[in-house]
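Summary of structural features
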Amino acid sequence: MALRFYNTLTQELEGFYPLQNNTVRMYTCGPTVYNFVHIGNFRTFTFQDILRRWLRYRGYQLNHVMNVTDVDDKIIANAAKEHKSIGDYTAVFTKAFFEDAAALRLEQPEHVAPATKHIDVMANAIEQLAAKGCTYTSEGSTYFRISSFPEYGKLSHNDFSGIRSGARVDVDEYDKADARDFVLWKARKDSEPAWETPFGEGRPGWHIECSAMAMSYLGETLDIHAGGVDLIFPHHENEIAQSEAITGKPFARFWLHAEHLHIESQKMSKSLGNFYTLRDLLEMGYEPEAIRYLLASVPYRKKLNFTFESLKAVAKSIERLREFELRLASAKLPAGANEEISERSREAIRQFEEAMDDDLNTAEALAAIFEYVRAMNSGLDENRFQEENRWDAARVLEVFDCVFDVLKSSGSAEAEQAGSLSEAEIKAAIDERSQAKKARDFARADQIRGRLQEAGVLLEDTKDGVRWKRK
RNA sequence: GGCGCGGUAGCCAAGUGGUAAGGCAGAGGUCUGCAAAACCUUUAUUCGGCGGUUCGAUCCCGCCCCGCGCCUCCA
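Residues numbered from 1 in each chain as written. Chains lettered and ligands numbered in written order. Predicted model: local features only at pLDDT ≥ 70, side-chain atom pairs only at ≥ 80, totals over all residues. Heavy atoms only, no water.

To continue, consider the protein's contact with RNA strand B. If you check the shell around RNA strand B, you find 55 residues, and the closest are Trp206, Gly228, Lys267, Ser317 and Glu460. Take the atoms of RNA strand B that sit within 4 Å of the protein: sugar and phosphate atoms are 70% of them. In the model, a phosphate oxygen of RNA strand B is placed 2.8 Å from a nitrogen or oxygen of the Lys316 side chain. The separation between a phosphate oxygen of RNA strand B and a polar side-chain atom of Arg374 is 3.0 Å. The dominant element in the surface near RNA strand B, judged by the number of residues it contributes, is helix 11 (residues 362-381), at nine residues. Split into classes, the residues belonging to the surface near RNA strand B amount to 13 nonpolar, 20 polar and 22 charged. (Near = heavy atom within 4 Å. Polar contact = N/O pair within 3.5 Å; in protein donor to acceptor, adjacent residues only side chain to side chain. Helix = DSSP H or I, 4+ residues; strand = E, 2+ residues; numbered from the N terminus. Nonpolar A, V, L, I, M, F, W, Y, C, P; charged D, E, K, R; others polar.)

Now the structure itself:
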């Protein structure tokens, strides 16, 4: 079965292929930089990263645009509180976001698009909407008239035909003609940041940013648009309305939405205050790879229940894989190749690919890897491995890691520094201990082992000699 | 109320109309001078409840119970 994704628009699993050539044109909703983003947000960004990597594995080129919302109510309010310009204010959190993303090994999209750098594109989109009669102004602000777009609701599968103006309009929304209408352009208020446009001085509404930037970078119809489930309505629904009202063409062919990360059975969110930032977890001593693995290991359409127990468990899982890699590298093997091992390796890759092709079923893909590792550990135990088979196993791990990217330890560079023992020193100590063991001076041997352990170096006695690793 | 997601072993979590992947934890074992580490084996007669369809359902249908999300800013 070929690559397929669940499309929120059609509510079906659909075979995926890009519309133009071999390049996937993809747009994802990025962060609003008014604060540090939390790991719930990163669950979605990690999903997007896995998606990127798998598309590339499947031979596609990527043209991926991610927006950065750097002007909105919260940003304006927070910046004012700190007596900073919004630019100075958002620069801090934008930088933090990309640092965190790098720590989680999230690839950079081909284009990162800050909203404030694309005001002209948005203004142009609003003018096109106005020319089509889809807008109206009220108190200096410009609104999108939902009644001008009959298909409104097709993404969230809501029927809005019954909702008419006057049905129930919130007090502070008295200036809208229809309760569901949304603002395209907000009139300037007091000293708020504002931009000059033909339809007045002000700033963009949130939804227009994504429509305008997506189409300006990627054209009228995108292959994939992705984000968190909470964006389905109203954000993505509104994007569809604006974009399709302008072009008359489908805005995006595939809509992919990641479920939320939960904590204590509730959505992790800023407003509930039940969140951890990546920085929080790193300070507690968790490895970024473990966090990445945890975020990636639950298929993206399932709620992911975050617990520290899980985080500790996945750290062990990663160790198991790294242990296998290490064992493979240090094993003494006879020359030649065992075809049975080679075939089992190819089988593992097939299973992994099949799982990933199935709407990125990472849980099943992981199962394929762990089953393989168990089989290969047995193979090593039973001396069925030969020299050439190293490559077979290395290839399996390589395929795994080009998606999950957790095998190489970023190994808190500090810890390695703190360990302070050089490789040569460690090797010398190991030799000394081996001599002591040979002389049956176990007290001496244990003393050396203890000293190394204190320095953060763990010894493992194996059939093929002494192995060590930093802890 | 409308729309949507889910309830599988101690925890996390796949999956299929034909009798339950994987990870962690637990138990047993191998290795070892002893350890540690590692590795191996093992762990749900059962898949929220009740009916129905079927030769057969955890998987299909109906009803019910429970949890969660969106409907307002939100990954």
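Looking at the element boundaries, Ala290 is found in helix 8 (residues 288-297). In this structure, Ala290 is in contact with Leu311, Val314, Ala315 and Ile318, ignoring residues within four places of it in sequence. (Contact = heavy atoms within 4.5 Å.)

Scanning the model with the defined rule gives 28 aromatic pairs in all. For the pair Phe97 and Phe98, a centre-to-centre distance of 5.0 Å together with 80° between the ring planes defines the contact as edge-to-face. Note on accessibility: Phe97 and Phe98 belong to one class, buried. With a centroid separation of 5.3 Å and 45° between ring planes, the pair formed by Tyr152 and Phe160 is classed as tilted. Across the pair, exposure class does not vary: Tyr152 and Phe160 are buried alike. (Phe/Tyr/Trp six-rings, centres within 6.5 Å; stacked < 30°, edge-to-face > 60°. Buried < 20%, exposed > 50% of the residue type's maximum accessible area, 1.4 Å probe, protein only.)

With that out of the way, let us pick up the environment of Met268. Looking at the secondary structure, you find Met268 in the loop between strand 14 (266-267) and helix 7 (278-283). Setting aside chain neighbours within four positions, we find Met268 in contact with His38, Ile39, Gly40, Leu261, His262, Ile263, Asn274, Phe275 and Tyr276.

Residues Phe5, Leu55, Phe144, Ile224 and Phe352 are the most contacted members of the largest nonpolar core, which totals 124 residues. Residue contributions to this core reach at least three from each of two domains, namely domain 1 (4-258) and domain 2 (278-404). The next biggest cluster of nonpolar side chains, apart from the first, holds seven residues, and it includes Ile426, Ala429, Ile448 and Leu452. (Core = buried A, V, L, I, M, F, W, Y, C linked by side-chain atoms within 4.5 Å. Domains from an automatic or database assignment.)

Turning our attention to the sheet that holds strand 6 (residues 135-138). Across the sheet, which stays open at both edges, the five strands sit in the order 6-7-8-10-9 with antiparallel pairing between neighbours. Edge positions in the sheet fall to strand 6 and strand 9 (195-197), since each of these pairs with one other strand and no more. Neighbour-to-neighbour, the strand axes of this sheet turn through a mean angle of 40°, independent of strand direction. (Pairing = 2+ DSSP bridges. Axes fitted to C-alpha atoms, helices over the stretch in contact; angles between N-to-C directions.)

Our focus in this paragraph is unusual backbone geometry. Cis geometry is found at the peptide bond from Phe233 to Pro234, where omega equals 0°. With respect to the secondary-structure elements, Pro234 resides in helix 6 (residues 232-247). Here Gln11, not a glycine, exhibits a phi torsion of approximately 60°, which is positive. One can find Gln11 in the loop between strand 1 (4-7) and strand 2 (12-15). Residue Gln11 is classed as partly exposed on the basis of its relative accessible area, which comes to 45%. A positive phi angle is found at Asp359, which is not glycine, with a value near 55°. Structurally, Asp359 can be placed in the loop between helix 10 (339-357) and helix 11. Classification of Asp359 by relative accessible area gives buried; the value is 8%.

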